[in-house]
Amino acid sequence: LTLRTSDSMPPPIDLTATIGGRKVTPALPIVDGSSSPPNELKFNASLSSFISQNVPLESVEGIRTRERVLVKMGTLCREWVKSVAAKRGLSSDAVASAGGELFTSGSYRLGVHEPGADIDTIVVVPSICTKEDFFGSGYVPPDSMVQDDDDEDVNNEIRDPDSLAERIRRHPDVTNFIPVEGAAVPILTFDWEGINIDLLFARLNAPSVPANFDIDNDMVLSGVDSSTEKSLNGPRVTNLIAALVGGTEERYQTFLIVVRLVRKWAKARGLYSNKLGYWGGVNINIAVALVLQLYPNACPASLLRKFFLVFKSWRWPNPVMLTKPHDAELGLPVWNAFQAATMRQVAPMITPAYPAMNSTLSVSRQTLQILHEEFARGHNVVDKLYKDWQKGDVLDKEKVESGEMWKELFEPSDFFISYPHYLSMCIVGPTQSDAQSWAGFVVSRLRKLVSDQLGRSLPLKKIQLWPKEFSACVAERSALLTHAQRANSITYFIGFRVDTLRMRGSELDIERQLQNFSKFELSRFHPLTPGMDVLPKTFGVKELPKVCFEDVYEGGKVAAMKRRRMLIEADPKRIEAKNKKKLAKLKKKMEAMKRKKEESKASEEKVEADLKEEVDGEAQESRKRKRDGDDANGEDDNLDAEKEEEEEAALLESALDKIQDSAGVAQHKTREEAEIDRQKLLAGELLHDEDVEVKTEKRDRKLTREEMEKEMLASSGLVIVSDDEATIVGGNKILPWRYGYKNAAGVKKEEPDQKKEKEEQEESKPTPLITNRVAFKFKTKFDVVELDESGKVIDKGDDDFTPSL
């Protein structure tokens with residue numbers, strides 16, 4: 001076992017920072033402090049090519065324009081502070097030393113702003129300046145000034161011409177000036193030389209603001225009001241983030257590159273809006289800074305992959321913090337994980353500066369679901385790119401060198417084809433200024449409609465608010481709107497998917513939620529002038545207006561619907577469900593075939609069993625009838641023999657003698673001869689005499705065809721088998737083959753005398769019934785069967801029957 005010496009150990013990485021007279025240390029330890037290996041550096045070269053072509057920075061001319069605007073604004077702010085100090089009657093020295101400073105925050109302060117991005121600024125003034133001096137409100141002009149402003153909009157409040165708001169508004173390079181005095185953080189919004197500026201107001205509890213004023217010192221917050229505290233928190237947080245990631249120039253540049261990429265990704269995927277429940281610029285800065293603290297020496301490509309991995313796996317609601325919160329004991333509330341209010345926060349992200357607060361308070365359960373899905377998607381895309389790049393022969397070399405392979409990560413969101421149902425919120429106002437102030441208030445409350453009203457009380461699987469506005473009115477044509485209202489309108493869209501398992505009924509009613517939103521949220525706006533309204537409307541995915549697809553898909557709505565169909569068909573869940581349905585259908589079909597085959601087999605077996613049972617039953621019935629007849633005859637004979645034989649024998653014999661005498665029989669027979677004839681009759685030897693009588697009786701009427709055929713067959717000594725009743729016709733006759741019937745066809749017909757003589761010689765030998773050859777021609781087709789000794793059909797199965805000729 002070898003130990004690494006101190007010379008071979010990499011130098012420890014110090015991520016602590018000293019700012020505002022306080023030493024700040026990271027809240028989490030380093031996960032991996034090693035530098036990126038050569039293969040990751042080569043992978044990073046492709047990302048650099050993509051950044052140079054798709055994530056441009058501000059041009060040199062644009063940077064100079066911004067710097068010039070900020071210089072002019074700083075001069076204007078200091079002149080205004082001096083004018084206010086002079087109004088207060090301060091000495092010339094006090095007026096000169098009153099000061100006033102202009103600070104920047106956000107993306108511009110960090111240096112990650114894109115072309116056309118706004119600049120967040122804060123003017124810090126001494127205690128002699130008030131909010132009324134800043135906005136110029138409450139001013140009563142002289143009578144002479146009222147006439148001079150007759151040409152201005154009568155709805156605009158007349159402000160003090162010496163106020164900072166009026167000084168800025170009257171500047172020739174300023175346009176689109178909007179003061180928002182009633183907000184929690186008062187703000188002026190305007191365009192100066194085409195650059196959008198957001199100006200906040202911070203009033204210190206001090207007589208002056210010197211040029212070397214340290215805004216990062218916690219003591220600047222002593223005795224300030226709530227709005228000033230929030231205004232100062234912007235630059236203080238930005239400065240502390242920059243200090244925590246600025247250990248080396250290379251590390252800071254890595255931080256800036258990844259921040260720019262994440263901002264571009266968030267805007268493309270519809271995740272960039274803090275007031276609508278997603279992440280804003282400050283949140284992205286804190287998140288990327290945290291990942292850099294965990295992997296301080298990673299290259300931009302590796303850090304971007306780690307960013308998605310960290311927040312895909314983050315255990316919410318554990319807070320994201322760069323440093324542990326500290327209390328400067330100035331009486332300001334500091335975020336604490338053990339407070340009851342903080343326990344209800346979904347995804348807290350704590351600002352590093354004092355007082356620590358949750359910068360993602362607007363994130364709800366619904367928006368966190370969207371964020372997590374996008375983090376997982378981003379990690380899958382980047383990780384797949386890295387693995388495919390390592391294989392070498394998977395990706396196109398031209399796409400790798402140009403960085404085009406990274407475009408998949410920044411593809412626009414398919415929000416407008418991802419949901420079956422959409423809700424539009426069209427915000428209208430009577431004038432442009434009224435519409436802007438009214439729309440700003442409504443937009444700040446839309447997240448409550450989505451999270452509190454719709455998301456909690458309706459059976460929805462998923463709901464998403466698209467953070468980008470559309471300068472179009474999509475309200476119903478039947479809505480009674482003026483031309484000015486339709487011109488001064490903006491629209492936001494909300495997509496949602498219904499949970500059918502929780503549905504009650506077939507329709508989803510959102511009228512009550514919209515009424516509560518209007519009653520409890522929108523009614524707080526003052527002054528609510530006539531013409532301000534919010535018009536909701538529901539759409540199906542195919543009913544959305546074309547304006548929703550113009551800037552996203554090259555082919556517009558038609559291309560969007562084609563892509564929707566492609567995504568639906570390529571959805572793994574849909575493919576799996578389709579395969580399961582097909583497999584279930586196939587199994588059902590096979591079971592039906594198997595069941596049909598079994599039923600057919602069972603039916604055949606049943607038919608065979610029934611036939612066999614019928615044959616056996618008939619045989620048993622025949623044997624039973626024979627046994628019953630024999631038993632009955634035996635019992636009767638026994639009774640006659642026992643009871644009547646002795647008593648009536650003599651009487652019966654005498655009666656028979658009298659009957660024989662009275663019948664006129666030509667030849668008198670003794671009792672012995674009569675007994676012999678009776679035995680012959682019982683044996684069937686004397687039936688020919690009776691047949692003659694029967695035939696004589698039948699000739700009295702016309703015989704039917706069946707009777708004639710039976711008589712012919714019976715007279716020939718053949719056995720007739722009925723398929724229906726299985727009865728034997730002529731069964732009481734003596735079968736010819738018992739007495740050599742096979743030779744009966746050759747016996748010659750004898751004369752009566754010869755016959756009588758032969759009968760006397762061979763009394764015991766019966767005379768054959770048929771003495772001539774008989775030919776039959778059957779009119780009805782029937783089957784030829786083979787009989788056993790008892791005259792029953794021999795069953796040989798299904799193939800023993802052959803048709804007759």
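Residues numbered from 1 in each chain as written. Predicted model: local features only at pLDDT ≥ 70, side-chain atom pairs only at ≥ 80, totals over all residues. Heavy atoms only, no water.

**With respect to the overall build of the chain**
If you tally the helices and strands in the chain, you get 22 helices and 15 strands. Once local pairs closer than 6 in sequence are excluded, the contacts in the chain between residues at least 24 apart make up 69%. Taken as a whole, the chain presents about 48,900 Å² of accessible surface, with 51% of it coming from carbon and sulfur. (Helix = DSSP H or I, 4+ residues; strand = E, 2+ residues; numbered from the N terminus. Contact = heavy atoms within 4.5 Å. Areas by Shrake-Rupley, 256 points an atom, 1.4 Å probe, with all protein chains shown as cover.)

**Regarding the side chain of Gln513**
Considering the arrangement of structural elements, one finds Gln513 in helix 16 (residues 511-520). Leaving out residues up to four positions away in the same chain, Gln513 has contacts with Leu449, Gln453, Leu454, Ser457 and Leu458.

**Section: the packing of helix 14 (residues 432-457) against helix 16**
Look at helix 14 against helix 16: their axes get within 10 Å of each other, and the N-to-C directions meet at 145 degrees. At the point where helix 14 passes helix 16, the crossing takes the right-handed sense. Side by side, helix 14 and helix 16 meet where Arg445, Leu446, Leu449, Gln453, Leu454 and Ser457 of the first sit next to Gln513, Leu514, Asn516 and Phe517 of the second. Taken together, the residues of the contact of helix 14 with helix 16 break down into 5 nonpolar, 4 polar and 1 charged. (Axes fitted to C-alpha atoms, helices over the stretch in contact; angles between N-to-C directions. Left-handed = near helix turned anticlockwise from the far one by under 90°. Nonpolar A, V, L, I, M, F, W, Y, C, P; charged D, E, K, R; others polar.)

**Side note on unusual backbone geometry**
The phi torsion of most residues other than glycine is negative, and most of the peptide bonds are trans. In this model, Trp316 is joined to Pro317 through a cis peptide bond whose omega is 10 degrees. When you line up the elements, Pro317 lands in the loop between helix 11 (300-312) and strand 8 (320-321). Cis geometry marks the peptide bond from His526 to Pro527, where omega comes out at -5 degrees. Along the chain, the position of Pro527 falls in the loop between helix 16 and strand 13 (533-540). Its identity as a non-glycine residue notwithstanding, Asn176 has a phi of 50 degrees, on the positive side. You can see Asn176 is positioned in strand 5 (residues 174-180). Positive phi, close to 55 degrees, is recorded for Glu193, a residue that is not glycine. Summarising the element assignment, Glu193 is placed in the loop between strand 6 (187-192) and strand 7 (195-203).

**Overview of a positive patch on the surface**
Positive charge collects at one region of the surface, where Lys542, Arg565, Arg574, Lys578 and Lys582 lie side by side. Among the elements that make up the positive patch, the one with the highest residue count is helix 18 (residues 572-662) (3 residues). Considering the arrangement of structural elements, one finds Arg574 in helix 18. (Patch = residues over 30% accessible without salt bridge, like charges linked within 9 Å, V, L, I, M, F, W, Y side chains within 5 Å. Salt bridge = Lys/Arg side-chain N within 4 Å of Asp/Glu carboxyl O. Lys, Arg positive; Asp, Glu negative; His and termini not counted. Charge placed at Lys NZ, Arg CZ, Asp CG, Glu CD.)

**Section: the sheet that holds strand 7**
Taken in spatial order, the 5 strands make up an open sheet running 3-4-7-6-5, and their pairing is mixed. This sheet does not close on itself; its edge strands, each paired only once, are strand 3 (101-105) and strand 5. Averaged over neighbouring strand pairs, the angle between their axes works out to 25 degrees when direction is ignored. Bridge count between strand 3 and strand 4 (residues 119-125): 5 bridges; the pairing is antiparallel. Each residue of the ladder has a partner; that of Thr104, found in strand 4, is Thr121. Its contacts with the sheet put helix 8 (residues 226-245) on strand 3, strand 4 and strand 7, and the angle it makes with strand 7 is roughly 120 degrees. (Pairing = 2+ DSSP bridges.)

**Digging into the sheet that holds strand 10 (residues 421-428)**
Here 4 strands make up an open sheet; going across it, the order is 11-12-10-13 and the pairing antiparallel. The strands lining the two open edges of the sheet, one partner per strand, are strand 11 (460-465) and strand 13. Strand-to-strand twist across the sheet, computed as the mean angle between neighbouring axes with direction ignored, equals 20 degrees. Across 8 bridges, the pairing between strand 10 and strand 13 is antiparallel. Across the sheet, Ser424 pairs through a bridge with Lys537, a residue of strand 13. Running at roughly 150 degrees to strand 10, helix 14 makes contact with strand 10, strand 11, strand 12 (489-498) and strand 13 of the sheet.

**Notes on a nonpolar patch on the surface**
On the surface, Leu583, Leu586 and Met590 cluster together into a nonpolar patch covering about 300 Å² of accessible area. Locating Met590 in the fold gives a position in helix 18. The class of Met590 is exposed, set by a relative accessible area of 52%. (Buried < 20%, exposed > 50% of the residue type's maximum accessible area, 1.4 Å probe, protein only.)

**Describing the nonpolar core**
Phe255, Trp279, Phe307, Phe311, Trp406 and Phe416 are the most contacted members of the largest nonpolar core, which totals 116 residues. Membership of the second largest hydrophobic core comes to 32 residues, among which are Val69, Cys77, Cys129 and Leu188. (Core = buried A, V, L, I, M, F, W, Y, C linked by side-chain atoms within 4.5 Å.)

**Re the pattern of salt bridges**
What the rule picks out here adds up to 26 salt bridges. We note a salt bridge from Glu181 to Arg159, for which the minimum N-O separation is 3.9 Å. Placement of the pair is Glu181 in the loop between strand 5 and strand 6 and Arg159 in the loop between helix 6 (143-148) and helix 7 (164-169), with a sequence separation of 22 residues. Taking the relative accessible area as the measure of exposure, Glu181 reaches 22% and is therefore partly exposed. For Arg159, a relative accessible area of 14% puts it in the buried group. Across the pair Lys387 and Asp383 runs a salt bridge whose closest N-O atoms are separated by 3.1 Å. Note that Lys387 and Asp383 are positioned in helix 12 (residues 365-391) at a spacing of 4 residues, about one turn of the helix.

**What about the packing of aromatic side chains?**
Counted by the stated rule, this structure contains 39 aromatic pairs. Ring geometry for Phe311 and Trp316: centres 6.5 Å apart, planes at 25 degrees, overall stacked. In this structure, Phe311 and Trp316 share a single accessibility class: buried. Sitting above the plane of the Tyr272 ring, Lys267 keeps its charged end 5.0 Å from the centroid. Sitting above the plane of the Tyr386 ring, Arg305 keeps its charged end 4.3 Å from the centroid. (Phe/Tyr/Trp six-rings, centres within 6.5 Å; stacked < 30°, edge-to-face > 60°. Lys NZ or Arg CZ within 6 Å of the ring centre and 35° of its normal.)

**As for the pairing of strand 12**
For strand 12, a buried count of 9 out of 10 residues is recorded, marking the element as mostly surrounded by other parts of the structure. Pairing between strand 10 and strand 12: 8 bridges, direction antiparallel. Bridging from a neighbouring strand, Leu423 pairs with Ile494 of strand 12.

**Here's the deal with helix 16**
Within the sequence span of helix 16, burial applies to Gln513, Leu514 and Phe517. Down the axis of helix 16, the smallest arc covering the buried residues is 100 degrees, so these residues share one side. The inward-facing, buried residues of helix 16 abut strand 10, helix 14 and strand 13. (Arc of directions from axis to C-beta.)

**Some words on helix 10 (residues 281-294)**
In a regular helix each residue adds 1.5 Å, so 14 residues correspond to 20 Å; helix 10 covers 20 Å between its end C-alpha atoms and thus fits that length. Counting buried residues along helix 10, 13 of its 14 residues qualify, which places the element largely inside the surrounding structure. (Expected span 1.5 Å × (residues − 1).)

**A closer look at the environment of Arg78**
Along the chain, Arg78 turns up in helix 2 (residues 60-87). In this structure Arg78 comes out as partly exposed when scored by relative accessible area, which is 32%. When the C-alpha positions of Arg78 and Val125 are compared, they lie 8.7 Å apart, and in sequence the two are 47 residues distant. With residues near it in sequence (within four places) discarded, Arg78 still touches Gly99, Gly100 and Glu101.

Everything listed is a geometric property; what it means functionally is a separate question.
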